[in-house]
Amino acid sequence: MTETELHFVIPTYRLRDVGETVEAYDANFERSGQTAPIFVFDDSSVANHDKYFASLEATRTRNELWYVGPAEKEQFVSYICRRLRDRKLDVLVRNLFRPSYGGNRNFTLMYTLGDLMVSADDDMRPYALIEDSPETLVEHEISRGKLIPRGANGHTRKSYDILQSFRDILGRSVAEAPANYAHGELLRDNAMDLESNNSLGLARDNSLFLEDGRIARGAIIKMAQTFRTGTNDIDAVDYVDMFLDDHEELDAEALNETYVLVNFRPCITNKNWRMDCGVAGYDNRTGLPPFFPTRLRFEDYIYRLWIQQPNIVAAHVDSAQTHIKNNYMRNPLASEVFNEAICGLLKRKFRESLRKTDEFSIAFEYDGAVSLQDTEEMLDSARQLHARVLAAVAGARTIERKEALSHFAVNLSRTFYDFEPDFFQQNVSRLVDDEVGLIRSAVEIWPTLLEIVYFKKHCRQLPMRRVRNRERTMARAAKAAA
(Lines give C-alpha, C1' and ligand atoms only; values in the text may rest on other atoms or scores of the structure.)
Protein backbone atom coordinates (compact mmCIF):
# COMPACT_ATOMS: atom_id res chain seq x y z
CA MET A 1 0.00 0.00 0.00
CA THR A 2 1.30 3.45 -0.89
CA GLU A 3 2.06 5.34 2.31
CA THR A 4 -0.88 7.62 3.05
CA GLU A 5 -0.58 10.71 5.22
CA LEU A 6 -1.76 10.18 8.78
CA HIS A 7 -3.25 12.99 10.86
CA PHE A 8 -3.57 12.95 14.64
CA VAL A 9 -6.62 14.88 15.85
CA ILE A 10 -7.86 15.92 19.29
CA PRO A 11 -11.53 17.00 19.39
CA THR A 12 -12.11 19.19 22.45
CA TYR A 13 -14.38 21.69 24.14
CA ARG A 14 -11.89 22.15 27.01
CA LEU A 15 -9.31 24.45 25.47
CA ARG A 16 -8.02 25.27 28.94
CA ASP A 17 -6.73 21.73 29.45
CA VAL A 18 -6.01 20.39 25.96
CA GLY A 19 -2.39 21.60 25.93
CA GLU A 20 -1.42 18.87 28.39
CA THR A 21 -2.89 16.26 26.05
CA VAL A 22 -1.05 17.73 23.07
CA GLU A 23 2.31 17.60 24.83
CA ALA A 24 1.78 14.06 26.13
CA TYR A 25 1.05 12.64 22.67
CA ASP A 26 3.78 14.67 21.01
CA ALA A 27 6.28 13.16 23.46
CA ASN A 28 4.97 9.67 22.75
CA PHE A 29 5.37 10.17 19.00
CA GLU A 30 8.96 11.36 19.33
CA ARG A 31 9.91 8.61 21.75
CA SER A 32 8.53 6.07 19.25
CA GLY A 33 10.33 7.66 16.31
CA GLN A 34 7.04 8.82 14.75
CA THR A 35 5.91 12.11 13.26
CA ALA A 36 2.41 13.34 12.50
CA PRO A 37 0.76 16.75 12.39
CA ILE A 38 -1.40 17.32 15.47
CA PHE A 39 -4.75 19.05 14.94
CA VAL A 40 -6.87 20.48 17.76
CA PHE A 41 -10.54 20.82 16.80
CA ASP A 42 -11.99 23.20 19.35
CA ASP A 43 -15.70 23.46 20.15
CA SER A 44 -15.16 26.37 22.55
CA SER A 45 -17.17 29.56 22.43
CA VAL A 46 -15.45 32.67 21.06
CA ALA A 47 -15.15 33.95 24.65
CA ASN A 48 -13.38 30.80 25.85
CA HIS A 49 -11.17 30.81 22.77
CA ASP A 50 -10.06 34.34 23.57
CA LYS A 51 -9.49 33.36 27.19
CA TYR A 52 -7.54 30.12 26.74
CA PHE A 53 -5.89 30.06 23.30
CA ALA A 54 -2.72 31.51 24.80
CA SER A 55 -2.37 28.32 26.88
CA LEU A 56 -2.25 26.30 23.66
CA GLU A 57 0.39 28.65 22.26
CA ALA A 58 2.41 28.08 25.44
CA THR A 59 2.83 24.37 24.62
CA ARG A 60 6.08 22.95 23.29
CA THR A 61 5.99 20.29 20.58
CA ARG A 62 8.30 18.68 18.04
CA ASN A 63 5.41 17.94 15.66
CA GLU A 64 3.49 20.65 13.85
CA LEU A 65 0.48 21.85 15.85
CA TRP A 66 -2.60 23.11 14.00
CA TYR A 67 -5.81 24.62 15.34
CA VAL A 68 -9.38 24.69 14.02
CA GLY A 69 -11.50 26.84 16.32
CA PRO A 70 -14.66 28.97 16.14
CA ALA A 71 -13.30 31.39 13.51
CA GLU A 72 -11.95 28.65 11.22
CA LYS A 73 -15.12 26.60 11.60
CA GLU A 74 -17.29 29.54 10.64
CA GLN A 75 -15.18 30.10 7.51
CA PHE A 76 -15.54 26.44 6.58
CA VAL A 77 -19.31 26.29 7.13
CA SER A 78 -19.86 29.58 5.27
CA TYR A 79 -17.91 28.20 2.31
CA ILE A 80 -20.04 25.03 2.24
CA CYS A 81 -23.26 27.07 2.39
CA ARG A 82 -22.12 29.27 -0.49
CA ARG A 83 -21.30 26.25 -2.63
CA LEU A 84 -24.72 24.71 -2.03
CA ARG A 85 -26.39 27.89 -3.35
CA ASP A 86 -29.60 27.20 -1.48
CA ARG A 87 -30.24 29.25 1.63
CA LYS A 88 -32.79 26.69 2.84
CA LEU A 89 -29.94 24.21 3.34
CA ASP A 90 -27.91 26.52 5.58
CA VAL A 91 -29.69 25.33 8.73
CA LEU A 92 -29.06 21.67 7.84
CA VAL A 93 -25.35 22.31 7.31
CA ARG A 94 -24.97 24.30 10.52
CA ASN A 95 -26.78 21.61 12.50
CA LEU A 96 -24.47 18.96 11.06
CA PHE A 97 -21.45 20.88 12.36
CA ARG A 98 -23.02 22.43 15.46
CA PRO A 99 -21.03 22.48 18.72
CA SER A 100 -21.62 18.94 19.98
CA TYR A 101 -19.83 15.64 20.42
CA GLY A 102 -20.72 14.54 16.89
CA GLY A 103 -20.59 17.96 15.23
CA ASN A 104 -16.98 18.52 16.26
CA ARG A 105 -15.96 15.07 15.04
CA ASN A 106 -17.58 15.79 11.67
CA PHE A 107 -15.08 18.60 11.21
CA THR A 108 -12.27 16.07 11.76
CA LEU A 109 -13.70 13.86 9.01
CA MET A 110 -13.85 16.76 6.55
CA TYR A 111 -10.35 18.04 7.31
CA THR A 112 -8.74 14.59 6.98
CA LEU A 113 -10.66 13.51 3.87
CA GLY A 114 -8.33 11.59 1.57
CA ASP A 115 -5.99 10.48 4.36
CA LEU A 116 -5.81 8.35 7.50
CA MET A 117 -6.92 9.80 10.83
CA VAL A 118 -6.17 8.82 14.41
CA SER A 119 -8.26 10.51 17.10
CA ALA A 120 -7.88 10.81 20.87
CA ASP A 121 -10.19 12.58 23.29
CA ASP A 122 -8.77 15.48 25.29
CA ASP A 123 -8.72 13.40 28.49
CA MET A 124 -6.85 10.45 27.00
CA ARG A 125 -3.16 9.76 27.64
CA PRO A 126 -0.72 7.66 25.52
CA TYR A 127 0.08 5.01 28.10
CA ALA A 128 -1.77 2.07 29.62
CA LEU A 129 -2.15 0.75 33.14
CA ILE A 130 -1.04 -2.89 32.96
CA GLU A 131 -1.05 -5.37 35.83
CA ASP A 132 2.46 -6.31 36.95
CA SER A 133 1.74 -10.04 36.79
CA PRO A 134 -0.18 -10.55 33.53
CA GLU A 135 -2.26 -13.70 33.28
CA THR A 136 -2.50 -15.86 30.17
CA LEU A 137 -5.70 -15.31 28.21
CA VAL A 138 -7.92 -18.34 27.69
CA GLU A 139 -9.10 -19.57 24.29
CA HIS A 140 -11.04 -16.87 22.37
CA GLU A 141 -10.35 -14.31 25.11
CA ILE A 142 -9.07 -11.02 23.65
CA SER A 143 -8.69 -8.92 26.79
CA ARG A 144 -9.17 -9.08 30.53
CA GLY A 145 -9.31 -6.16 32.95
CA LYS A 146 -10.43 -5.21 36.44
CA LEU A 147 -11.28 -2.26 38.66
CA ILE A 148 -8.93 -1.58 41.56
CA PRO A 149 -8.96 1.16 44.23
CA ARG A 150 -7.34 4.38 43.02
CA GLY A 151 -3.77 4.54 44.32
CA ALA A 152 -3.45 0.78 44.73
CA ASN A 153 -0.21 -0.89 43.69
CA GLY A 154 0.32 -3.92 41.46
CA HIS A 155 0.23 -2.21 38.07
CA THR A 156 2.59 -0.17 35.91
CA ARG A 157 2.29 2.51 33.26
CA LYS A 158 3.32 1.11 29.90
CA SER A 159 3.74 3.18 26.74
CA TYR A 160 3.08 1.89 23.24
CA ASP A 161 3.87 3.12 19.76
CA ILE A 162 0.35 4.43 19.22
CA LEU A 163 0.79 5.70 15.67
CA GLN A 164 2.58 2.63 14.38
CA SER A 165 -0.09 0.32 15.79
CA PHE A 166 -2.60 2.17 13.60
CA ARG A 167 -0.31 2.41 10.57
CA ASP A 168 0.13 -1.37 10.69
CA ILE A 169 -3.57 -1.94 10.06
CA LEU A 170 -5.61 1.08 8.89
CA GLY A 171 -6.68 0.94 5.25
CA ARG A 172 -5.05 -2.43 4.70
CA SER A 173 -6.74 -5.62 3.65
CA VAL A 174 -7.19 -8.50 6.07
CA ALA A 175 -4.59 -10.44 4.08
CA GLU A 176 -2.03 -7.68 4.79
CA ALA A 177 -2.69 -7.60 8.56
CA PRO A 178 0.11 -8.70 10.93
CA ALA A 179 0.09 -12.41 11.71
CA ASN A 180 -0.59 -11.94 15.43
CA TYR A 181 -4.12 -10.59 14.83
CA ALA A 182 -6.94 -12.99 15.71
CA HIS A 183 -9.96 -13.08 13.34
CA GLY A 184 -13.64 -13.43 14.23
CA GLU A 185 -17.20 -12.19 13.83
CA LEU A 186 -17.40 -9.83 16.81
CA LEU A 187 -16.33 -9.22 20.40
CA ARG A 188 -18.65 -9.98 23.28
CA ASP A 189 -18.14 -8.38 26.70
CA ASN A 190 -19.29 -10.54 29.60
CA ALA A 191 -20.28 -7.37 31.49
CA MET A 192 -22.20 -5.57 28.72
CA ASP A 193 -25.20 -6.14 26.48
CA LEU A 194 -23.88 -6.78 22.98
CA GLU A 195 -25.91 -4.53 20.67
CA SER A 196 -26.65 -1.61 22.99
CA ASN A 197 -23.41 -1.65 25.01
CA ASN A 198 -25.55 -1.12 28.10
CA SER A 199 -24.03 -2.39 31.31
CA LEU A 200 -25.39 -5.58 32.86
CA GLY A 201 -24.58 -4.11 36.26
CA LEU A 202 -21.38 -2.90 37.86
CA ALA A 203 -18.70 -5.54 37.30
CA ARG A 204 -15.25 -5.15 38.81
CA ASP A 205 -13.68 -7.45 36.26
CA ASN A 206 -14.56 -8.25 32.67
CA SER A 207 -13.30 -10.01 29.57
CA LEU A 208 -13.81 -9.59 25.85
CA PHE A 209 -14.35 -12.82 23.94
CA LEU A 210 -14.00 -13.29 20.18
CA GLU A 211 -16.86 -15.12 18.48
CA ASP A 212 -15.96 -17.29 15.50
CA GLY A 213 -16.66 -16.00 12.02
CA ARG A 214 -15.15 -16.02 8.55
CA ILE A 215 -13.51 -12.79 7.39
CA ALA A 216 -12.85 -12.14 3.71
CA ARG A 217 -9.12 -11.78 3.04
CA GLY A 218 -9.82 -8.86 0.73
CA ALA A 219 -11.94 -6.95 3.27
CA ILE A 220 -10.54 -3.50 4.15
CA ILE A 221 -9.92 -2.39 7.72
CA LYS A 222 -11.81 0.93 7.76
CA MET A 223 -11.60 1.67 11.47
CA ALA A 224 -9.53 0.52 14.41
CA GLN A 225 -9.09 1.33 18.07
CA THR A 226 -6.74 0.76 20.95
CA PHE A 227 -7.72 -0.86 24.21
CA ARG A 228 -8.44 1.49 27.12
CA THR A 229 -7.50 1.68 30.80
CA GLY A 230 -8.14 4.24 33.54
CA THR A 231 -11.88 3.84 33.10
CA ASN A 232 -13.56 1.01 31.26
CA ASP A 233 -16.61 1.48 29.05
CA ILE A 234 -19.29 1.52 31.75
CA ASP A 235 -22.59 3.37 32.15
CA ALA A 236 -23.33 6.42 34.26
CA VAL A 237 -25.47 4.15 36.45
CA ASP A 238 -22.33 2.15 37.22
CA TYR A 239 -20.66 5.34 38.47
CA VAL A 240 -23.69 5.82 40.71
CA ASP A 241 -23.16 2.27 42.01
CA MET A 242 -19.54 3.13 42.82
CA PHE A 243 -20.74 6.19 44.72
CA LEU A 244 -23.28 4.13 46.66
CA ASP A 245 -20.78 1.37 47.43
CA ASP A 246 -18.13 3.73 48.84
CA HIS A 247 -19.61 4.65 52.24
CA GLU A 248 -17.00 7.35 52.81
CA GLU A 249 -17.41 9.18 49.50
CA LEU A 250 -19.04 12.63 49.51
CA ASP A 251 -18.68 13.54 45.83
CA ALA A 252 -20.81 11.68 43.30
CA GLU A 253 -18.59 12.94 40.47
CA ALA A 254 -15.39 11.50 41.98
CA LEU A 255 -13.88 8.38 40.50
CA ASN A 256 -12.08 6.37 43.14
CA GLU A 257 -11.48 3.18 41.18
CA THR A 258 -9.11 2.59 38.28
CA TYR A 259 -9.45 0.11 35.44
CA VAL A 260 -6.27 -1.83 34.64
CA LEU A 261 -5.68 -4.42 31.94
CA VAL A 262 -4.48 -7.85 32.92
CA ASN A 263 -3.70 -8.80 29.34
CA PHE A 264 -4.87 -8.18 25.76
CA ARG A 265 -4.18 -9.14 22.17
CA PRO A 266 -5.16 -7.60 18.82
CA CYS A 267 -7.98 -8.81 16.61
CA ILE A 268 -10.03 -8.10 13.47
CA THR A 269 -13.82 -8.45 13.41
CA ASN A 270 -16.63 -8.20 10.87
CA LYS A 271 -18.70 -6.20 13.35
CA ASN A 272 -17.69 -3.87 16.15
CA TRP A 273 -20.30 -3.25 18.83
CA ARG A 274 -17.43 -2.21 21.11
CA MET A 275 -16.58 0.94 19.09
CA ASP A 276 -14.79 3.54 21.25
CA CYS A 277 -14.27 6.70 19.19
CA GLY A 278 -12.17 8.28 21.96
CA VAL A 279 -9.23 6.04 21.00
CA ALA A 280 -9.98 5.27 17.35
CA GLY A 281 -8.42 5.55 13.91
CA TYR A 282 -10.15 5.70 10.52
CA ASP A 283 -9.36 5.02 6.89
CA ASN A 284 -10.75 8.27 5.49
CA ARG A 285 -9.16 8.03 2.04
CA THR A 286 -12.48 7.81 0.19
CA GLY A 287 -14.76 9.31 2.83
CA LEU A 288 -16.73 7.96 5.76
CA PRO A 289 -20.24 8.44 7.17
CA PRO A 290 -20.88 11.38 9.52
CA PHE A 291 -20.99 11.05 13.25
CA PHE A 292 -24.44 11.69 14.66
CA PRO A 293 -24.42 15.48 15.28
CA THR A 294 -25.67 15.05 18.82
CA ARG A 295 -24.95 16.51 22.23
CA LEU A 296 -25.74 13.09 23.69
CA ARG A 297 -22.93 10.57 24.00
CA PHE A 298 -23.74 8.16 21.18
CA GLU A 299 -22.25 9.99 18.20
CA ASP A 300 -20.28 6.88 17.17
CA TYR A 301 -23.24 4.48 17.14
CA ILE A 302 -23.62 5.05 13.40
CA TYR A 303 -20.27 3.30 12.93
CA ARG A 304 -21.42 0.23 14.83
CA LEU A 305 -24.21 -0.17 12.29
CA TRP A 306 -22.24 0.96 9.24
CA ILE A 307 -19.26 -1.38 9.79
CA GLN A 308 -21.50 -4.45 9.36
CA GLN A 309 -21.36 -4.12 5.56
CA PRO A 310 -19.59 -6.83 3.56
CA ASN A 311 -15.93 -6.29 2.72
CA ILE A 312 -15.20 -3.74 5.45
CA VAL A 313 -13.98 -4.72 8.91
CA ALA A 314 -12.76 -3.24 12.19
CA ALA A 315 -9.74 -3.93 14.38
CA HIS A 316 -8.54 -3.67 17.96
CA VAL A 317 -4.85 -2.84 17.64
CA ASP A 318 -1.88 -4.02 19.66
CA SER A 319 -1.70 -1.01 22.02
CA ALA A 320 -3.66 0.66 24.81
CA GLN A 321 -4.27 4.15 26.18
CA THR A 322 -5.60 5.62 29.44
CA HIS A 323 -8.69 7.72 30.11
CA ILE A 324 -8.21 10.12 33.02
CA LYS A 325 -11.89 11.31 33.07
CA ASN A 326 -11.60 15.08 33.24
CA ASN A 327 -14.70 16.38 35.09
CA TYR A 328 -14.09 20.00 34.03
CA MET A 329 -17.12 21.16 31.97
CA ARG A 330 -18.64 17.67 32.16
CA ASN A 331 -22.37 17.26 32.73
CA PRO A 332 -23.40 16.30 36.29
CA LEU A 333 -23.78 12.58 36.91
CA ALA A 334 -27.58 12.80 37.18
CA SER A 335 -27.70 14.42 33.72
CA GLU A 336 -25.48 11.66 32.34
CA VAL A 337 -27.92 9.05 33.66
CA PHE A 338 -30.76 10.85 31.86
CA ASN A 339 -28.76 11.23 28.64
CA GLU A 340 -27.86 7.55 28.59
CA ALA A 341 -31.52 6.63 28.98
CA ILE A 342 -32.33 8.67 25.86
CA CYS A 343 -29.32 7.22 24.03
CA GLY A 344 -30.45 3.70 24.86
CA LEU A 345 -33.87 4.38 23.36
CA LEU A 346 -32.43 5.89 20.17
CA LYS A 347 -29.89 3.10 19.70
CA ARG A 348 -32.64 0.49 19.91
CA LYS A 349 -34.94 2.37 17.53
CA PHE A 350 -32.21 2.90 14.94
CA ARG A 351 -30.99 -0.68 15.16
CA GLU A 352 -34.44 -2.20 14.87
CA SER A 353 -35.48 0.02 11.94
CA LEU A 354 -32.20 -0.03 10.00
CA ARG A 355 -33.08 -0.18 6.30
CA LYS A 356 -29.76 0.00 4.47
CA THR A 357 -26.12 1.02 4.67
CA ASP A 358 -23.98 2.36 1.87
CA GLU A 359 -20.56 3.86 1.31
CA PHE A 360 -21.15 7.10 3.22
CA SER A 361 -24.28 6.70 5.34
CA ILE A 362 -27.04 4.57 6.79
CA ALA A 363 -30.85 4.77 6.45
CA PHE A 364 -33.43 3.86 9.07
CA GLU A 365 -37.23 3.92 9.26
CA TYR A 366 -37.61 5.38 12.76
CA ASP A 367 -39.50 8.68 12.65
CA GLY A 368 -38.85 9.91 16.19
CA ALA A 369 -42.12 8.82 17.81
CA VAL A 370 -41.89 7.98 21.52
CA SER A 371 -44.58 5.76 23.01
CA LEU A 372 -45.89 5.75 26.57
CA GLN A 373 -44.30 2.34 27.00
CA ASP A 374 -40.92 3.77 26.00
CA THR A 375 -41.04 6.51 28.61
CA GLU A 376 -42.51 4.26 31.30
CA GLU A 377 -39.60 1.86 30.91
CA MET A 378 -37.13 4.72 31.32
CA LEU A 379 -39.00 6.11 34.32
CA ASP A 380 -39.21 2.70 35.99
CA SER A 381 -35.43 2.32 35.80
CA ALA A 382 -34.90 5.86 37.08
CA ARG A 383 -37.34 5.37 39.97
CA GLN A 384 -35.55 2.17 41.00
CA LEU A 385 -32.21 3.96 40.98
CA HIS A 386 -33.69 6.86 42.97
CA ALA A 387 -35.09 4.40 45.54
CA ARG A 388 -31.63 2.86 45.96
CA VAL A 389 -30.14 6.30 46.58
CA LEU A 390 -32.82 7.07 49.19
CA ALA A 391 -32.11 3.74 50.88
CA ALA A 392 -28.44 4.70 51.02
CA VAL A 393 -29.44 8.04 52.61
CA ALA A 394 -31.24 6.15 55.37
CA GLY A 395 -28.17 4.00 56.00
CA ALA A 396 -25.58 6.77 55.82
CA ARG A 397 -23.11 6.76 58.71
CA THR A 398 -22.35 10.49 58.81
CA ILE A 399 -24.25 13.73 58.34
CA GLU A 400 -21.94 14.70 55.48
CA ARG A 401 -22.57 11.42 53.66
CA LYS A 402 -26.31 11.75 54.21
CA GLU A 403 -26.30 15.28 52.77
CA ALA A 404 -24.27 14.23 49.74
CA LEU A 405 -26.63 11.36 48.96
CA SER A 406 -29.70 13.53 49.53
CA HIS A 407 -28.31 16.18 47.18
CA PHE A 408 -27.76 13.57 44.47
CA ALA A 409 -31.27 12.16 44.98
CA VAL A 410 -32.76 15.63 44.49
CA ASN A 411 -30.72 16.20 41.33
CA LEU A 412 -31.76 12.83 39.94
CA SER A 413 -35.44 13.57 40.60
CA ARG A 414 -35.25 17.00 38.96
CA THR A 415 -33.39 15.64 35.95
CA PHE A 416 -36.19 13.13 35.35
CA TYR A 417 -38.86 15.85 35.71
CA ASP A 418 -39.75 14.68 39.24
CA PHE A 419 -40.86 11.35 37.73
CA GLU A 420 -44.13 12.96 36.55
CA PRO A 421 -45.16 10.65 33.64
CA ASP A 422 -46.97 13.15 31.39
CA PHE A 423 -44.38 15.90 31.78
CA PHE A 424 -41.56 13.39 31.25
CA GLN A 425 -43.23 11.93 28.15
CA GLN A 426 -43.80 15.35 26.63
CA ASN A 427 -40.23 16.54 27.10
CA VAL A 428 -38.60 13.29 26.03
CA SER A 429 -40.77 13.22 22.90
CA ARG A 430 -39.64 16.71 21.94
CA LEU A 431 -35.99 15.91 22.60
CA VAL A 432 -36.05 12.66 20.61
CA ASP A 433 -37.93 14.22 17.70
CA ASP A 434 -35.34 17.01 17.48
CA GLU A 435 -32.42 14.56 17.61
CA VAL A 436 -33.90 12.25 14.97
CA GLY A 437 -34.63 15.17 12.66
CA LEU A 438 -31.03 16.40 12.92
CA ILE A 439 -29.63 12.93 12.33
CA ARG A 440 -31.84 12.28 9.30
CA SER A 441 -30.85 15.56 7.65
CA ALA A 442 -27.18 14.91 8.42
CA VAL A 443 -26.97 11.52 6.72
CA GLU A 444 -28.96 12.75 3.71
CA ILE A 445 -26.82 15.80 2.92
CA TRP A 446 -23.45 14.35 3.93
CA PRO A 447 -22.44 12.77 0.55
CA THR A 448 -22.97 16.13 -1.19
CA LEU A 449 -20.73 17.86 1.35
CA LEU A 450 -18.01 15.24 0.91
CA GLU A 451 -17.95 15.97 -2.81
CA ILE A 452 -17.64 19.72 -2.20
CA VAL A 453 -14.80 19.28 0.29
CA TYR A 454 -12.98 16.72 -1.86
CA PHE A 455 -12.60 19.22 -4.69
CA LYS A 456 -11.89 22.10 -2.30
CA LYS A 457 -8.97 20.22 -0.71
CA HIS A 458 -7.44 19.57 -4.12
CA CYS A 459 -7.40 23.30 -4.83
CA ARG A 460 -6.47 24.93 -1.54
CA GLN A 461 -6.15 24.30 2.18
CA LEU A 462 -9.20 24.31 4.42
CA PRO A 463 -9.33 27.08 7.06
CA MET A 464 -6.90 26.29 9.88
CA ARG A 465 -4.26 28.05 11.93
CA ARG A 466 -0.70 26.98 12.66
CA VAL A 467 -0.13 27.36 16.39
CA ARG A 468 3.00 29.43 16.96
CA ASN A 469 4.24 27.47 19.91
CA ARG A 470 7.87 26.69 20.70
CA GLU A 471 9.86 23.58 19.91
CA ARG A 472 10.06 21.20 22.84
CA THR A 473 13.46 20.42 24.34
CA MET A 474 14.56 16.89 25.21
CA ALA A 475 14.31 17.61 28.97
CA ARG A 476 10.73 18.77 28.55
CA ALA A 477 10.02 15.70 26.42
CA ALA A 478 11.13 13.42 29.24
CA LYS A 479 8.90 15.29 31.67
CA ALA A 480 5.88 15.05 29.36
CA ALA A 481 6.46 11.34 28.86
CA ALA A 482 6.51 10.77 32.60
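Analysis parameters
- Sequence order as written defines residue numbering, which begins from 1 separately in each chain.
- The model is predicted, so local features are restricted to residues of pLDDT at least 70 and side-chain atom pairs to those at 80 or more, both for listing and for counting; the totals for chains, interfaces and linings are taken over all residues.
- The side-chain values count all of the structure's non-hydrogen atoms but skip hydrogen atoms and water molecules.
- Axis lines are fitted to C-alpha atoms, over the contacting stretch for helices. Their N-to-C directions set the angle, which ranges from 0 to 180 degrees.
- A run of H or I in DSSP counts as a helix once it spans at least four residues, and a run of E counts as a strand once it spans at least two, with each numbered from the N terminus.
- These descriptions rest on fixed angle ranges, namely under 35 degrees for roughly parallel, over 145 for roughly antiparallel, 65 to 115 for roughly perpendicular, and the rest for oblique.
- Handedness of a crossing is defined here by the sense of rotation of the near helix relative to the far one, left-handed for an anticlockwise turn of less than a right angle and right-handed for a clockwise turn.
- By definition, residues are in contact when any of their heavy atoms lie within 4.5 Å.
- Residue polarity follows a fixed list, in which Ala, Val, Leu, Ile, Met, Phe, Trp, Tyr, Cys and Pro are nonpolar, Asp, Glu, Lys and Arg are charged, and the others, Gly among them, are polar.
- Every helix has an expected span of 1.5 Å times one less than the residues it contains.
- Burial classes follow relative accessibility: with a 1.4 Å probe on protein chains only, a residue under 20% of its type's maximum area counts as buried, one over 50% as exposed, and anything between as partly exposed.
- Grid spacing is 1 Å over the protein atoms alone, the probe is 1.4 Å, and a cavity is where that probe fits but cannot get out, while a pocket is an open set with protein on both sides within 12 Å along at least five of seven lines and lining residues have an atom within 4 Å of a point.
- Grid points are joined across faces, edges and corners, and a volume is the space filled by probe spheres set on the points.
- By salt bridge we mean one thing: a side-chain nitrogen of Lys or Arg within 4 Å of a carboxyl oxygen of Asp or Glu.

Help me out: how do you make sense of the packing of helix H1 (residues 15–31) against helix H2 (residues 46–57) in this one?
Running from amino to carboxyl end, H1 crosses H2 at an angle of 20°, the nearest separation of the two axes being 8 Å. When the axes of H1 and H2 are compared, the pair comes out roughly parallel. Between H1 and H2 lies a crossing of right-handed hand. Of the residues in H2, those in contact with Leu-15, Arg-16, Val-18, Gly-19 and Val-22 of H1 are Asn-48, His-49, Tyr-52, Phe-53, Ser-55 and Leu-56. Among the residues making up the contact of H1 with H2, the classes are represented as six nonpolar, four polar and one charged.

How do you make sense of H1 when you look at a structure like this?
For an α-helix, the turn length of 3.6 residues means that residues three or four places apart are oriented alike. The end-to-end C-alpha distance of H1 is 25 Å, a good match for the 24 Å that 17 residues give at a rise of 1.5 Å each. Most of H1 sits inside the fold, with 12 of its 17 residues counted as buried. Among the residues making up H1, those that are buried are Leu-15, Val-18, Gly-19, Thr-21, Val-22, Glu-23, Ala-24, Tyr-25, Asp-26, Ala-27, Asn-28 and Phe-29. Gly-33 sits one or two positions beyond H1 and adopts a positive phi of about 75°.

Explanation requested: the layout of surface pockets in the structure shown.
The gaps left among the atoms become clear once a water-sized probe is rolled over them. Roughly 1100 Å³ of internal volume is contained in the largest pocket. In this structure, the largest pocket is lined by 47 residues; those nearest its centre are Tyr-101, Arg-297, Glu-299, Arg-330 and Glu-336. Going through the elements one at a time, strand S1 (6–12), helix H5 (101–111), helix H7 (236–245) and helix H9 (333–352) are the ones with two or more residues in the lining of the largest pocket. Broken down by element, the lining of the largest pocket gets its largest block of residues, six residues, from H9. Within the lining of the largest pocket, the residues separate by chemical class into 15 nonpolar, 11 polar and 21 charged. In terms of lining, the second largest pocket is formed by 26 residues, of which the most central are Asn-198, Val-237, Glu-340, Ala-341 and Ser-381.

Before we go on, may I ask you to explain empty space enclosed by the protein in this structure?
Enumeration according to the criterion identifies one cavity of 30 Å³ or more in this entry. Approximately 310 Å³ is the volume attributed to the largest cavity. Lining the largest cavity are 25 residues; nearest its centre among them are Asn-206, Asn-232, Asp-233, Tyr-259 and Arg-274. For the lining of the largest cavity, the secondary-structure elements that each account for two or more residues are strand S11 (205–211), strand S12 (220–229) and strand S13 (257–264). Considering every element that reaches the lining of the largest cavity, the biggest residue donor is S12, with four residues.

I would appreciate a short explanation of the pattern of salt bridges in the present structure.
Side chains that differ in sign of charge can pair as their charged atoms come close. A complete count under the given rule lists 38 salt bridges for this structure. Note that Arg-125 is salt-bridged to Glu-20, the shortest N-O span being 3.6 Å. Of the two residues, Arg-125 sits in strand S5 (residues 124–125) while Glu-20 sits in helix H1, which places them 105 residues apart along the sequence. Judged by relative accessible area, which is 7%, Arg-125 ranks as buried. Glu-20 gets classed as exposed once you look at its relative accessible area, which sits at 52%. Two residues, Glu-135 and Arg-144, come together in a salt bridge whose shortest N-O distance is 2.5 Å. Residue classification places Glu-135 among the partly exposed residues on the basis of a relative accessible area of 37%. Taking relative accessible area as the criterion, Arg-144 reaches 16% and is therefore assigned buried.

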